[in-house]
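Listed below, chain by chain, are the residues.
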Amino acid sequence: MGGYALGSGSLTFVHAADLHLDSQFKGLERTVAGGGEIPENVLRRLRNSSFEAFNNIVDLCINKKIDFLLLAGDIYDVADKSLRAQLRFRDGLVRLADAGIPAFVVHGNHDHCAGWRAEIKLPETVHVFSDREVESRPVLRGGREIAGVSGISYPGRAVVENYAGRFARGAGVPFAVALLHCNVGGIKGHENYAPCGLDDLMQKGFDYWALGHVHNRAVLNPAGPCVAYPGCPQGRHPRETGEKGCLLVHVTENNNISVEFFPTAPVRWESVAVSIEGIADDLTLLETIEDRLLRFRTAAGGKPIVARVLLNGRGFLHRNLVRVSYAENLVQELRNRLPAEEEDFLWLDSVRVATSAEVDKNELSGTDTLLGDFLSLIKEARVDRDLKTELRKTLSALIEHPRAGRYLTEPDDDELGELLESAGDLAVDLLWDGEE
Amino acid sequence: MRLAEVMVDGFGILRDLHLRREELDKNITIIYGMNEAGKSTLMEFIRAMLFGFKVKGGRVWEPLRGGSLGGFLVFADENGEYYRVERRMRGRRGKVAVTLPGGAAGDEAFLADRVLRGITPLVFRNVFGFDVEEMRRLEELGAGEVSAHVYGAGTGLRAGRLTAGTSRLREELNDLFKPAGTKPAINKLIKELENAEAAVRLLQKEPEQYGRLRREAMSLRADREKLESAKRDAELRKRRLEAAVRARESWLRLKEARQQLGELLHVPSFPESGVERLQALEDKARDLVLARADTHQLADDLQRRVDNTVVNEQLLERSAEIKALGNERGLQLERLRLLPEQAAEVKHAGEEYNKQISKLGNGYDQTKLASIDTSLPARETVEGYKLKFSAGENRRETAGREVVRLKISAGEKEWIFRNAAAELAAHKIPLPPVDRPPADREQALDVLENGMRRLLQIRAGLESSRFRLVELEQQKRNTESELAILSPRLLPPWLHFVLPAVLAVFIAAAFYGGMISGFLTLAAGVALWATVMLAGRRAAAIMEARRARLEEILLNIKQCVAGAAEEIEQLARRESELAEELKAAAVTAVGRPVAVEEEIIAARRALEEEKLALARAEDLRRVAAQAKNTLDAELQRLSGVNKELEQADRALASLGAEWLDWLKERGLPRSLTPSGALAYFDACEEAVKSHNAWQKSLARERETRQQSEAFLARLNNLLANTGYDAVTMETACGWTIRLEELLSETVKQADERGRLQAELVKRREQKMRQENALNILYEEIEALLAAGGAVEPEDFRRRAYYYSEGKRLAGEIQTFERDLKIIAGLYGERAQLERELEQTEGTDNERELEQIAFLIGELEDRVRETGEQIGRLDNQINLLENGEELAVRLQEKEMLIAALQGKAREWQARALCLHLLKMAKERHERERQPAVLQRASGYIGPMTGGAYAMVIAPVGRADILEVETPDGGRVAVAGLSRGAASQLYLSIRLALARQYGSVGLPVILDDILVDFDRERLRGAVKVLGEFSRERQVLLFTCHEHILETFNEGLDGFGLIRLRDGVKSGILPHLCSRT
């Protein structure tokens, strides 16, 4: 990724969003029953990963000598009241200001303007858009306007208004950019804030819609004008796997746009699926998983990785794997084998067991044994609403417990399905003696 | 198959109890009797008939009222054919005999396989025959084959696995979470989470102080700036005052030095260290003059000592000869000591030689000794002869010994042969009765023995068959006579006429009495007549049926008679064939056509003896032949050894002649044997050796004497040359020592004189050098004085003082000026300082300095305090800006939530598993019960009046039964009343009996309905009625109400009354409710 020789009319900018500075990784278990803990160096690296990612964005801006930086909301979690996050953000922006690069910032649902904020002065080159109306600001080079950026911040957490309607391209703007934190087309897995449709955006006549809120990278309208989510610069939980980063956008004199992705995440989440089929002993299983993880790491260029392993398939080892202690020992052993240096770790977060016994549960469910009846009931529970309700009631002792319930939610249908699958495996383990 | 007949000959209190076929032909037969009527004994009798009198743990039912132990049971199959099972006392279990339809016989195995179909006593007691206590014995249901039917294997689980599995799930659930617990994993995590949240809340409050802290810090920094400025001014003034105080002394001394320099004589230059150099030159010159005088005195002393030293020069010239004689003196002393010893040795060696040569005999001298060859080849030749002689003698001796040994051995062998021949001649063989080979006779004896046994068996069978034929004929005659007397008409023919006539008379009489009574009598008469006629006709029909059955029996008997006759004919034919065979065998064996058993035994014994005698004769012949062969071989060996002895004698004679020739050739005495020749050689060699030793000792003694005399001659010559007298052999050695001492002394004197002369030369040279050095020193002193501008040393020293003092004062001035410059510091400050020094006194400066130092201290304290306050604030701000604590706590919280969710998933999976297991168990129990429990469920409903609808064996248990009410409630056996439990057990056992469909046994119930109330008893009767359609039921009871309930609820059951072991009445049709 070399530098670009820009003509007098061309411009380059970086589009990033959802920094969530200083917010912590979710879904990571510190300890296992075997007694192992995530080493402090790994934890420290994880804690600082959002800052590192932001610094990587700033470095990119300075190295590429871009014209401006766009940050499309959720810079940090205001709810967490992290002063550190706001100061580090200021420090990054100061570095940009020193390099003469202006930055345009909107706040999103996580760092909305009603939230607490420290009295920190940002450099003059930074413009934070108002939460009352759409503002527009020019980008100047040599006293000449080369682009105009419009944007609006969130006044509170939940914005249900379609903010796209408030945007209008200014007259005579050579390259018009819109900066907005929103959900286009009701993308699942994200709250539907500032909801809008792709058409709403298209008809506004902007050259580039710099969006935030959705953590997966997406260019919604490749044919142009460009509507893009850069995704988050650092994955924050097990489902945000793979490379994360920001978009480097080049605009030619004729306003032709090319978008280039730049990875910025210092730590990657990865998920690896390993089948136990044909694996006859613990050592082979260990070595297989280790080999797969190390290959992943090589593919990731040796960057630190937090990995989850999904064991699936049908095999002899299933009988061991359904025992909690066995799976925990497996995790512990793998952690001992994998590198754990601060700069270069491969941390195994967990091993999820979704294996099946050598026995075919489907076949078993057809038999007139007790286990057969058990497995038939599980099948029925997947479709029978009443049975589901009855089974959910059995979980109420935990879910509705006044203290535990604060941290737990009732399993949805998918989660219940997984629990039933686990229950089936447990029953097979407890009751099935093999073909006798 | 059903039980058709029971006959007890003797068993406990029962004797000759016969339950006949017509008494047992109903589906249900009730055997009714009070206590001790023999019901249970009858049940035990049936068990004993089927499984033996004494089974393990059981008892023997000895007949108490006579009769032989045992009896029989008769079973009827579906085709009406009868199987009779009879058991009599023999062995522990008794001996069973099964008689099949058609007369064939079967044994215990037949009974077990075909009648009992393999069921065990345990199964019989559980399913087919039990009393109320046995019925209630639940644990027996758990045993072996019965258990499989009741509890089933259909769960697909091993025993206890479900219980263990659910226990494990419960344990794991409890380990994970308890609603009010603190130890389980989830409870611990909740506690940790709450702690983490509290910490986060606390930390989140801190950043709000950030702005205030920063403002405070800024204000404090401004205050500190002002204080520091004031402090800087005070410090400047303090530095100036300190400079004035420090510079004042230097300034005063500078002024003084400048004044002294102005008053001093100016000497512009002077030699470097001139005064010291002059003094050093003068000191050196004085030292040299003194040393020169000492050297001169020493030289004179040395010259005098040389002149006084005298040396013997002749001794020095012959010093080499004196040393050589001194060196040889030890050797000379040794020679003088050896001379007498050597003379004695010469004498001894001469005597030894003479002794050796005289041993060989006269005429031997040195020349003759040299001519005798005692070399190694000659000795080896002699050794060869010696070995040959020795071998020849050995050979002759060995052959001689072997001849003696063989002669003795041949004598022994001959004695053995003669004994064997005598024994053979004495052995006798008995004569055979018939001239046939023993093998033929033995075979004929075998045929005779077997044949006679078979003949006896055939004759016994023949007799038994004839007896049976007679019996059958008798039965036939009985049946025919019974048939003949069986009249088709029960009423006599005359009754048809007499009864109407009598009735007519009565009617007529009645009419005679009145019309109404006449008609009434007429009606009654007609009715009576009709009744009698109808009864007669019904009885005739019964008679007809009986006749048909008798005819059928008669036909069967006739068939049996024909069969028996044919069997007798076959047996008679086999008897005659066998008799012929035996006759031929008797001729072969004993020579007569007829042989009785004793003859056969005697013939068998004689044959055995004959065979033994023949075998013994054969053995004796073999032994005699072997003894003869051994004797011949021994004699042949003896002749061979005699020849060897002769050859050995010849060889020895030839060797002796050869040895004499060899001695002659060498000129040796002929009397020598090979051993003697070797000793002769040794003696010759010893004589030569002693001659040589004598000659050597003579030469040594001569040489020693000559050397001693030469030594004495050399010494006397030396003494003469050095001026001493000659000496003798005895004093010569002493004089060599004396000469050596004189020489040593002379050499010492000569050395001393040489050393003194060398020292004298060195002193003279030293004196010359000292005079030259003194002259040079005087020249240097003159040059130095000229350089200092002086002629005399005193003048020179005065000028030196002026020069050095001027130089010192100039240095001081320079030093003080430099001090002032350093103290003043900057260029502008020097003038300021000098003004200060000029204008003030030292005491003023010091007072002001104290005041200003106090002021500075105060300012410093205030600056430090402010700085500390700023530091504290900065620390707080820094912590807020960079503190990771909040991030750490948030991270911890997220990880705890993740862990909690993980554990919650584990808990939920287990909770679901447990719940689903419960549901699956219920479903399994309801829908997949074994056939036995399904049938039992069908029985228990009617039996309990619908109180219970289902019998259930809980999944995973093989020891518990439960019943279920129509609304789904379950009750375990333990929770049932005695009556309800009995109904449950009866249902189960009846269902089990249905399960054993192939076993042809009735179900025998020994008063099992005693716990049933009236209502349930009716239900049970109904169930038993239904059940008995499939399988015969015998019910023993002593309860009248039970009998009544059967009477009310059931059509057509049989009833046998027992009293004191005896039937008291047969009422087969009593209970028909027509």
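Numbers given for residues are sequential positions, taken from 1 along each chain in its written order. Working convention: letters from A go to chains and numbers from 1 go to ligands, in the order in which they are written. Owing to the predicted nature of the model, reporting of local features is limited to residues with pLDDT of at least 70; listing and counting of side-chain atom pairs is limited to 80 or more, with chain, interface and lining totals taken over all residues. The basis for the side-chain values is all heavy atoms of the structure; hydrogens and waters are excluded.

### Digging into the overall build of chain B
No. 1: Working definition: helices are DSSP H or I runs of at least four residues, strands are E runs of at least two. Numbering for both runs from the N terminus. Each helix and strand in chain B was counted, giving 27 helices and 15 strands.
No. 2: For chain B, the share of sequence-separated contacts (at least 6 apart) that also reach a separation of at least 24 residues comes to 74%.
No. 3: Accessible surface computed for chain B: about 61700 Å², of which carbon and sulfur atoms make up 53%. Throughout, a contact is declared for two residues whenever any of their heavy atoms are within 4.5 Å. Only the protein chains shown count as cover for residues, and the accessible areas themselves come from Shrake-Rupley with a 1.4 Å probe.

### Considering the overall build of chain A
No. 1: Per the secondary structure count, chain A includes 12 helices and 16 strands.
No. 2: The cut-offs for exposure are 20% and 50% of the maximum accessible area for each residue type, with area from a 1.4 Å probe on protein chains only; residues under the lower value are buried, those over the upper are exposed, and the others partly exposed. Residues counted as buried form 56% of the 436 residues belonging to chain A.
No. 3: Once local pairs closer than 6 in sequence are excluded, the contacts in chain A between residues at least 24 apart make up 70%.
No. 4: Entry remark: accessible area of chain A is about 17700 Å², with carbon and sulfur atoms responsible for 47%.

### Structural notes on the sheet that holds strand 11 (residues 245-251) of chain A
All names here are of chain A.
No. 1: If you walk across this open sheet you meet the six strands as 4-3-2-1-11-12, and the pairing is mixed. Lying at the two open borders of the sheet, with one neighbouring strand each, are strand 4 (126-128) and strand 12 (257-263). Each neighbouring strand pair of the sheet contributes to a mean axis angle of 20 degrees, computed without reference to strand direction.
No. 2: Sheet topology note: the strand 2 (residues 68-72)/strand 3 (residues 103-106) ladder contains four bridges and is parallel. Counted as the bridge partner of Ala-72 is Val-106 from strand 3.
No. 3: Along the sheet, helix 2 (residues 49-64) makes contact with strand 1 (11-16), strand 2, strand 11 and strand 12, crossing strand 1 at roughly 180 degrees. Strands were regarded as paired on the criterion that DSSP finds at least two bridges between them. The axes are straight lines fitted to the C-alpha atoms, using for helices just the contacting stretch, and the angles between their N-to-C directions are given from 0 to 180°.

### Section: the interface of chain A and chain B
No. 1: Across the contact, 69 residues belong to chain A and 63 residues belong to chain B.
No. 2: Both faces combined, the contact of chain A with chain B buries some 5900 Å², and carbon together with sulfur accounts for 62% of it.
No. 3: For any pair of parts, buried area is found by adding up, for both, the accessible area (1.4 Å probe) each one loses once the two are put together. Looking only at chain A, the three residues that lose the most surface to chain B are Leu-370, Tyr-407 and Leu-430 of chain A, adding up to 13% of its buried area.
No. 4: Put simply, a salt bridge is a Lys or Arg side-chain nitrogen that is within 4 Å of an Asp or Glu carboxyl oxygen. Applying the counting criterion to the chain A and chain B interface returns five salt bridges.
No. 5: Ionic pairing is found between Glu-894 of chain B and Lys-26 of chain A, a salt bridge with its closest N-O pair at 2.9 Å.
No. 6: A 3.5 Å cut-off defines polar contacts: any pair of N or O atoms within that distance qualifies, except that in protein one atom must be a possible hydrogen donor and the other a possible acceptor, and neighbouring residues in sequence count only when both atoms are side-chain atoms. Summed over the shared surface of chain A and chain B, the number is 10 residue pairs in polar contact (both at pLDDT 80 or more).
No. 7: Secondary-structure elements contributing two or more residues to the side of chain A that touches chain B are helix 1 (40-47), helix 3 (83-98), helix 7 (324-337), helix 9 (370-383), helix 10 (385-394), helix 11 (396-399) and helix 12 (413-431) of chain A.
No. 8: Here the side of chain A that touches chain B takes 10 residues from helix 12 of chain A, the largest share from any one element.

### Brief notes about the pattern of salt bridges
No. 1: Under the counting rule described, the total for this entry stands at 99 salt bridges over all chains.
No. 2: In this structure, Glu-191 of chain A and Arg-157 of chain A form a salt bridge, with 4.0 Å as the shortest nitrogen-oxygen distance. Of the two residues, Glu-191 of chain A is situated in the loop between strand 7 (176-181) and helix 4 (198-202) and Arg-157 of chain A in the loop between strand 6 (144-151) and strand 7; the sequence distance between them amounts to 34 residues.
No. 3: Classification of Arg-157 of chain A as partly exposed rests on a relative accessible area of 36%.
No. 4: Of the charged contacts, one joins Glu-328 of chain A and Lys-903 of chain B as a salt bridge, the two residues approaching to 3.3 Å between their closest N and O atoms. On the criterion of chain membership, the pair formed by Glu-328 of chain A in helix 7 and Lys-903 of chain B in helix 23 (residues 885-927) is interchain, its members lying in two chains.
No. 5: Among the residues examined, Glu-328 of chain A registers a relative accessible area of 13% and is labelled buried.

### Here's the deal with helix 11 (residues 319-360) of chain B
All names here are of chain B.
No. 1: The span you would expect from a helix comes to 1.5 Å times its residue count less one. The end-to-end C-alpha separation of helix 11 is 61 Å, in line with the 62 Å expected for 42 residues at 1.5 Å each.
No. 2: Fitting axes to the seven residues that end at a residue and to the seven that start at it, the angle between those axes gives the bend at that residue. Taken as a whole, helix 11 carries its principal kink of about 40 degrees at Arg-329.
No. 3: A positive phi of about 115 degrees marks Gly-361, the residue just after helix 11.

### Considerations on the environment of Ser-10 of chain A
Residues and elements named next belong to chain A.
No. 1: Within the secondary structure layout, Ser-10 lies in the segment before strand 1.
No. 2: By relative accessible area, Ser-10 is classed as buried at 6%.
No. 3: Between the C-alpha atom of Ser-10 and that of Asp-67, which follows or precedes it by 57 residues, the distance is 9.8 Å.
No. 4: Discounting residues that sit within four places of it in the chain, Ser-10 has contacts with Arg-141, Val-251, Thr-252 and Glu-253.

### Structural notes on a nonpolar patch on the surface
All names here are of chain B.
No. 1: Any residue with relative accessible area above 30% and no salt bridge may belong to a patch, with like charges joined within 9 Å and the nonpolar Val, Leu, Ile, Met, Phe, Trp and Tyr side chains within 5 Å. On the surface, Met-515, Ile-516, Phe-519, Leu-520, Leu-522 and Val-526 cluster together into a nonpolar patch covering about 630 Å² of accessible area.
No. 2: Note that Leu-520 resides in helix 16 (residues 515-590).
No. 3: Leu-520 gets classed as exposed once you look at its relative accessible area, which sits at 58%.

### Considerations on the sheet that holds strand 7 (residues 105-106) of chain B
Sheet strands pair by backbone hydrogen bonding; their relative direction is either parallel or antiparallel.
Residues and elements named next belong to chain B.
No. 1: Across the sheet, which stays open at both edges, the six strands sit in the order 2-1-4-5-6-7 with antiparallel pairing between neighbours. The outermost strands of the open sheet, each flanked by one partner alone, are strand 2 (14-19) and strand 7.
No. 2: Of the strand pairs in this sheet, strand 1 (residues 2-11) and strand 4 (residues 70-76) are connected by seven bridges, and their pairing is antiparallel. For Met-7, the partnering residue across the bridge sits in strand 4 and is Phe-72.
No. 3: Here helix 1 (residues 39-51) sits on the sheet in contact with strand 1, strand 2, strand 4, strand 5 (82-88) and strand 6 (95-99), set at roughly 80 degrees to strand 4.

### Some words on the packing of helix 9 (residues 274-307) of chain B against helix 20 (residues 793-824) of chain B
Residue and element names in this part refer to chain B.
No. 1: Remark: helix 9 packs on helix 20, axes separated minimally by 9 Å, with the N-to-C direction vectors making an angle of 155 degrees. As far as their axial angle goes, helix 20 and helix 9 are roughly antiparallel. Residues Gly-274, Val-275, Leu-278, Gln-279 and Glu-282 of helix 9 pack against Pro-793, Phe-796, Arg-797 and Ala-800 of helix 20. Oblique is the label for any angle not under 35 degrees, not over 145, and not in the 65 to 115 range, which are roughly parallel, roughly antiparallel and roughly perpendicular in turn.

### Details of the pairing of strand 14 (residues 305-312) of chain A
Residues and elements named next belong to chain A.
No. 1: Judged from the eight bridges that link them, strand 13 (residues 268-275) and strand 14 form a sheet pairing that is parallel. The residue of strand 14 that forms the bridge with Ala-273 is Leu-310.
No. 2: Seen with the strands pointing away from the viewer, any crossover whose path from the first strand over the helix to the second strand runs clockwise is right-handed. Read as a crossover between parallel neighbours, the route from strand 13 over helix 5 (residues 282-299) to strand 14 is right-handed.
No. 3: Across seven bridges, strand 14 lies against strand 16 (residues 344-353) in parallel orientation. When the bridges of strand 16 are listed, Arg-308 appears paired with Ser-350.

### Describing the side chain of Arg-248 of chain B
All names here are of chain B.
No. 1: Topologically, Arg-248 is positioned in helix 8 (residues 210-263).
No. 2: Engagement of the side chain of Arg-248 in a polar contact is seen with the side chain of Asn-845, the distance being 3.1 Å.
No. 3: Arg-248 has contacts with Glu-836, Leu-837, Thr-840, Glu-841, Gly-842 and Asn-845, leaving out every residue within four places of it along the chain.

### Considerations on the state of the cysteines
No. 1: Put simply, a disulfide is two cysteine sulfurs that come within 2.5 Å. According to the stated counting rule, one finds zero disulfides over all chains in the structure shown.
No. 2: Free of any disulfide, Cys-61 of chain A has its nearest cysteine sulfur in Cys-246 of chain A, 6.9 Å distant.

### As for helix 27 (residues 1040-1049) of chain B
Residue and element names in this part refer to chain B.
No. 1: Among the residues making up helix 27, those that are buried are Ile-1042, Leu-1043, Thr-1045 and Phe-1046. Summarising the axial view, the buried residues of helix 27 lie within an arc of 160 degrees, below the 170-degree limit, and thus occupy one face.
No. 2: On its buried face, helix 27 sits against strand 3 (28-33), helix 26 (1014-1028), strand 13 (1033-1037) and strand 14 (1054-1059). This arc corresponds to the set of directions leading from the helix axis out to the C-beta atoms.

### Brief notes about the confidence of the model for chain B
Residue and element names in this part refer to chain B.
No. 1: In the predicted model, chain B carries a mean pLDDT of 83, and the fraction of residues at 70 or more is 95%.
No. 2: Each residue carries a pLDDT score, the predictor's own confidence in it, on a scale running from 0 to 100. Considering only residues more than four positions removed or in separate chains, one finds that residues 1066-1074, a stretch of pLDDT under 50, has 15 contacts.
No. 3: Here the predicted complex scores 0.49 on pTM and 0.83 on ipTM.

### Looking at the packing of aromatic side chains
Residues and elements named next belong to chain B.
No. 1: Pairing of aromatic rings covers Phe, Tyr and Trp, the last counted by its six-membered ring, and requires centre-to-centre distances within 6.5 Å; plane angles under 30 degrees mean stacked, over 60 mean edge-to-face, and any other angle means tilted. According to the stated counting rule, one finds 28 aromatic pairs over all chains in the structure shown.
No. 2: Ring centres 5.8 Å apart and planes at 65 degrees place the aromatic pair Phe-1046 and Phe-1053 in the edge-to-face group.
No. 3: Charge-over-ring placement is defined geometrically: NZ (Lys) or CZ (Arg) within 6 Å of the ring centre, and within 35 degrees of the ring normal. One residue, Lys-628, lies across the ring of Phe-417, its end atom 5.9 Å from the ring centre.

### Remarks on the nonpolar core
No. 1: Among buried residues, the Ala, Val, Leu, Ile, Met, Phe, Trp, Tyr and Cys ones that are joined through side-chain atoms within 4.5 Å form a nonpolar core. Core analysis: the largest hydrophobic core is formed by 94 residues, its most contacted members being Leu-42, Leu-50, Ile-119, Phe-128, Leu-1009 and Phe-1046 of chain B.
No. 2: Top contributing element to this core by residue count: helix 25 (residues 978-995) of chain B, with 10 residues.
No. 3: If we ignore the near neighbours within four places in the chain, the residues touching Leu-50 of chain B are Leu-73, Phe-75, Arg-87, Glu-108, Leu-111, Leu-116, Phe-124 and Leu-1001 of chain B.
No. 4: Formed by 54 residues, the second largest nonpolar core is a distinct cluster that contains Leu-387 of chain A together with Ile-190, Leu-900 and Leu-914 of chain B.

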